[in-house]
Amino acid sequence: MDPSHDDDGDGMSRQLADLGLGQPFVGGPHFNALDEPPPPPRISSEGVVAVDITQKFLSAASSLEPGELVKDGYFTLFESVGALEVMDPKMDSGCLAPGETLDEGYDVTRPLLPSEVVGIIDQLLSLEMAWHLGYPLSQSLFTSVYIERMLQLAPTTVQEADFIKGRSSDAPRDPMLGALRAYCLGLLKSCSFVNQRIKGEHYYEEEDFVTNTYHRSLLDNLDIYEVRDEIMAARKVIHDLRSTLTEEMAHALGFRLELRTAFLRAIELFQLRSNPDSLSLPWSHMQEVWETINKTRHLGKSVPEAFSTKIQRRLASTMPPRPIVQPSPEETYKHFKKLIADGANVPKVLNYVDSQTLLTFVMTFQAQKPQPLVYIRALLQNFLFQDMVVLGRLSIRQILDNDLCTIVLPCSILLDPSNDDVESPHHPRYAIAHQMELFRQRAAQSYLDIFRTFCQNRCRVRRTLYHMLQDWETVQLDAEEVDQLLQAQIEEKPVIYPPSTGVPSYSLPLSSWAYHYKLRLMQWTVQLGFELDIYQPDELAGMYWYLGYLAKCHVQHAERIKFFIKHRVEADANNKINNINNKTAAQYTRCKSYLYLTVLEAAITTELAEALTNLYAALSRLGLIVPPPRPYSTDALRYEVRMKPFAPIGLPELPSFEVFRRHVTQPNTPTAELLETAAKAAADAKGGLEAVAKMGESEAFAVGCHDRWLRSIKDWTKAAIAAGVAIGTVKRAVANGRVKGLKVEVQPSEKGYHPWWVVPKVKEQR
């Protein structure tokens, strides 16, 4: 160390200075042990005299106190970290092993066997899927020497996109290299479209997808039709050589090229948002092609030297070198099959029936296990929101009015389009149109955010729902103000509700609509907590009680909406305000069906939540579920933290901790009675689910997605049956005094029948 920087007078600095050290010692990965001195440095200059300073350095270092640091004032943190990275193979991308060169040393011009081309393409397929799964290009496709050579030339035309720089278009080409080149052209062009589509929609970097191309162009400027022509020309060459290659090998190569053509065709058609059947056609074709490709994987021969991590050194990246991420052939097959199936199904969202059917489609589509990949979710967002035109043909007002009509305002004057034609400011309809438009402007974004939120990954869905709750609380307050202004315009008379109270009340349709969605958001948030395994086993009783509490509020609210709609429709019919025609009758029937389904689903949720609450409470009481030690928290503090997102909500009001604990533990209820109540609730839930399962796609508001919706209902039913079995097992053990012989296992939600219903496995040990 330079003595001029020795401020504390420590002898250590002077000893280091005597050694001629101007920088601090940095222990690297090659300095393994103090008792094994490193080999002497290789010195080629005769003017340098090497002196072994190891012992002097150790002597100087021994005078340091534990934790004491000696550092030159001009040796910055950046330099320190850089010194640690230098020559560390895990951190230094320029670190070379003895005898290793900077280049990969693979000859991309060498002739390839047909089996080698198949093997390289299959490995590219695995790397492409790794990219779709969220790994960066630097660890997937950009590790291919062939891809690197093609992009390194920065081609601006299809002819320039080659493995050989300056190659003449008239020069003869090896047929196998030509097939591989055509495949790489189609692959990179597909990746370009995928990357652009994902970047154009809402996604989460690093969580969902890595769009970084490291300053490389994925053939963005090349014409898709020219790329397709190159693939078709390569397929023709392969077809002409089928007698030489053998029929099986020619089919293997041809179908792999055909996969790229179909993928490009599917991407091209998705720009149209037109006929769903035509959009699904290329994906359906890809399903057949993919199955054939999977059957011919055995024909490929691996070429590992055609892929190298050394290419990462030439990428514009600050990341240290990372290994290649390559899914196994089985994983690649499974994920590609799912990608293609979802690609064929997602255009069905364009078959619009009504707003609730659209919401059911989005929710059931996104709830699949495994969840659709981010590219498919980006396509779904594109169909829904591109250019602020829903599904390519509907305005936001049309969707919002349809939803209001379905839930709270069937055949209502408030949604009559003729209100917009009234120009007199003193006319009631003019005021109605003005106030309704103000409400639409306030509520539209919050409403559309529900659809956009469910297009994200499941963790983000739950997190975003938390933030949306406060927004919907404000929407409800704003809606109440508009409702009060509209009461005067439509001359609404208050009605006694509930009939038992004798208190007059107004219908408040807009605020009722907002409250309906707020309750749904709150229930979805709690249910996703079960799906994501956020709650500990000893918390499940409390969270299922709160879910049942919200569902019970939802039942009461839906019954209130039904009462006021029925009263208004009857009053309009008696006063002949609205002529009962097919359109108004259809609207009223649709509204009744939706509210019936809402009440039924909320009631089933209430019953099944009560069954699981009582079951988990009984298991805790019997000592079969024991909470882990938490020395730094209390039940009250944990309740406050867990319910923090719901605390600001005014209605339904969050119960106090004392009320919550009393309802969950039920200290005055015997265990046998607790289990009896749970058994009855599970049976009622099962009966309700069986009734729901009999609904057709129109009754269930699941047109186009009825199979997914029905599958979810059947999983609910299985969960209710499993809950009944578990409750029965505990009941018998309690009655026979064999509680100590019970074994309880709370498995992750993914191993259960339904992700929202975590049913414990209870077994009797013999």
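Here the structure is a predicted model, which means the values were calculated and not measured. (Residues numbered from 1 in each chain as written. Predicted model: local features only at pLDDT ≥ 70, side-chain atom pairs only at ≥ 80, totals over all residues. Heavy atoms only, no water.)

K.L.:
An account of the overall build of the chain is requested, with residue identities and associated values reported.
P.N.:
If you tally the helices and strands in the chain, you get 23 helices and four strands. A buried classification covers 49% of the 766 residues belonging to the chain. Partitioning the intrachain contacts of the chain with sequence separation of at least 6 by distance along the chain shows that 78% fall at a separation of at least 24. (Helix = DSSP H or I, 4+ residues; strand = E, 2+ residues; numbered from the N terminus. Buried < 20%, exposed > 50% of the residue type's maximum accessible area, 1.4 Å probe, protein only. Contact = heavy atoms within 4.5 Å.)

K.L.:
Describe in detail helix α23 (residues 706-736), supporting the description with residues and values.
P.N.:
The end-to-end C-alpha distance of α23 is 45 Å, a good match for the 45 Å that 31 residues give at a rise of 1.5 Å each. G737 sits one or two residues past α23 and shows a positive phi near 70°. (Expected span 1.5 Å × (residues − 1).)

K.L.:
Now, about the packing of aromatic side chains: what can you tell me, with residues and values included?
P.N.:
Applying the stated criterion across every chain yields a total of 34 aromatic pairs. Centroid distance Y106 to Y146: 5.6 Å. Interplanar angle 75°. Geometry classified as edge-to-face. Of this pair, Y106 sits in the loop between α3 (77-85) and α4 (114-132) while Y146 sits in helix α5 (residues 145-152), placing them 40 residues apart in sequence. Side by side, Y106 and Y146 carry an identical accessibility label, which is buried. With a centroid separation of 5.4 Å and 90° between ring planes, the pair formed by F563 and F564 is classed as edge-to-face. Assessed through its relative accessible area of 26%, F563 is described here as partly exposed. One aromatic cluster is present, built from ring pairs that chain together Y466, W545, Y546, Y549, Y639, F646, F657 and F660. Between the NZ or CZ atom of R452 and the centre of the ring of F385, over which it lies, the distance is 4.1 Å. For the cation-ring pair, R460 lies above Y204, with the distance from its terminal atom to the ring centre recorded as 4.0 Å. (Phe/Tyr/Trp six-rings, centres within 6.5 Å; stacked < 30°, edge-to-face > 60°. Lys NZ or Arg CZ within 6 Å of the ring centre and 35° of its normal.)

K.L.:
Describe the pairing of strand β3 (residues 742-745), listing the residues and the values that go with them.
P.N.:
Across the two faces of β3 the burial differs, with L742 and V744 buried and K743 and E745 not buried at all. Summarising the sheet, β3 and strand β4 (residues 761-764) pair through four bridges and their orientation is antiparallel. Bridged to K743 within β4 is K763. (Pairing = 2+ DSSP bridges.)

K.L.:
Explain the side chain of D483 to me, and be specific about the residues and the numbers.
P.N.:
With respect to the helices and strands, the residue D483 is situated in helix α16 (residues 458-490). For the buried D483, which has no salt bridge, the nearest side chain bearing the opposite charge is R560, at an N-O separation of 8.1 Å. When neighbours within four sequence positions are excluded, D483 is seen to be in contact with L508, P509, L510 and S511. (Lys, Arg positive; Asp, Glu negative; His and termini not counted. Salt bridge = Lys/Arg side-chain N within 4 Å of Asp/Glu carboxyl O.)

K.L.:
Give me the lowdown on the pattern of salt bridges, citing residues and values where you can.
P.N.:
Summed over all chains, the structure comprises 37 salt bridges. Measuring nitrogen to oxygen at the nearest pair gives 2.9 Å for the salt bridge that ties D478 to R442. Here the residue D478 occupies a position in helix α16, and R442 occupies one in helix α15 (residues 428-453), the gap between them amounting to 36 residues. A salt bridge links E473 to K518; its shortest N-O distance comes to 2.5 Å. Here K518 lies in helix α17 (residues 509-531) and E473 lies in helix α16, a separation of 45 residues in the sequence. As far as the burial class goes, E473 and K518 line up, both buried. Linked by salt bridges that have partners in common, R397, D401, D420, E437 and R440 make up one network.

K.L.:
Can you explain a positive patch on the surface? Please cite residues and give values.
P.N.:
A cluster of like positive charges, contributed by K743, K751, K761 and K763, occupies part of the molecular surface. Relative to the elements of secondary structure, K763 occurs in strand β4. (Patch = residues over 30% accessible without salt bridge, like charges linked within 9 Å, V, L, I, M, F, W, Y side chains within 5 Å. Areas by Shrake-Rupley, 256 points an atom, 1.4 Å probe, with all protein chains shown as cover. Charge placed at Lys NZ, Arg CZ, Asp CG, Glu CD.)

K.L.:
Report on the packing of helix α12 (residues 355-366) against α17, specifying residues and quantitative values.
P.N.:
The interhelical angle for the contact between α12 and α17, taken along N-to-C directions, is 10°, at an axis separation of 16 Å. One element, α12, and the other, α17, form an angle in the roughly parallel class. Between α12 and α17, the contacting residues are Q356, L359 and M363 on the first element and Y517, R520 and W524 on the second. Residue composition of the contact of α12 with α17, by class: four nonpolar, one polar and one charged. (Axes fitted to C-alpha atoms, helices over the stretch in contact; angles between N-to-C directions. Parallel < 35°, antiparallel > 145°, perpendicular 65-115°, else oblique. Nonpolar A, V, L, I, M, F, W, Y, C, P; charged D, E, K, R; others polar.)

K.L.:
Tell me about the side chain of S140, residues and numbers included.
P.N.:
Within the secondary structure layout, S140 lies in the loop between α4 and α5. Apart from residues no more than four positions distant in its own chain, S140 is found in contact with L127, A130, W131 and Y135.

K.L.:
Hey, could you go over the packing of α4 against helix α11 (residues 329-345) for me, with residue numbers and the actual values?
P.N.:
Packed helices, taken two at a time, are described by the angle their axes make and the gap between the axes. Packing of α4 against α11 leaves a shortest axis separation of 10 Å and a crossing angle of 60°. Classified by the interaxial angle, the pair formed by α4 and α11 is oblique. Two packed elements cross with a definite hand, and for α4 against α11 that hand is left-handed. Contacts between α4 and α11 involve L125, S126, E128, M129 and H132 from the first element and T332, H335, F336 and L339 from the second. (Left-handed = near helix turned anticlockwise from the far one by under 90°.)

K.L.:
Any chance you could break down the confidence of the model for the chain for me, citing the residues and the numbers?
P.N.:
On average, residues of the chain carry a pLDDT of 89, and 89% of them reach 70 or more. Confidence scores differ between elements of the chain, with helix α1 (residues 11-18) showing the lowest mean pLDDT of 41 and α17 the highest of 98. (pLDDT = per-residue confidence, 0-100.)

K.L.:
Outline unusual backbone geometry, supporting the account with residue identities and numerical values.
P.N.:
Residue K369 is joined to P370 through a cis peptide bond whose omega torsion reads -5°. If you trace the backbone, P370 turns up in the loop between α12 and α13 (374-385). That bond from Y497 to P498 is cis: its omega, -10°, falls within 30 degrees of zero. Of note, P498 is situated in the loop between β1 (495-496) and β2 (504-505). Backbone geometry at H215 places phi at a positive 65°, although glycine is not the residue there. Inspection of the secondary structure puts H215 in the loop between α6 (175-199) and α7 (224-240). For H215, a relative accessible area of 75% puts it in the exposed group. Positive phi values are uncommon outside glycine, yet D387 reaches one of about 55°.

K.L.:
Report on the environment of A679, specifying residues and quantitative values.
P.N.:
Mapped onto the secondary structure, A679 falls in helix α22 (residues 671-693). A sequence separation of 64 residues divides A679 from L615, and the C-alpha atoms of the two residues are 8.8 Å apart. Ignoring sequence-local partners within four residues, the contact set of A679 consists of I727 and K731.

K.L.:
Describe the environment of N275, listing the residues and the values that go with them.
P.N.:
The topology assignment puts N275 in the loop between α9 (247-270) and α10 (276-295). Residue classification places N275 among the partly exposed residues on the basis of a relative accessible area of 42%. Considered as a pair, N275 and P347 are 72 residues apart in the sequence and their alpha carbons are 8.3 Å apart.

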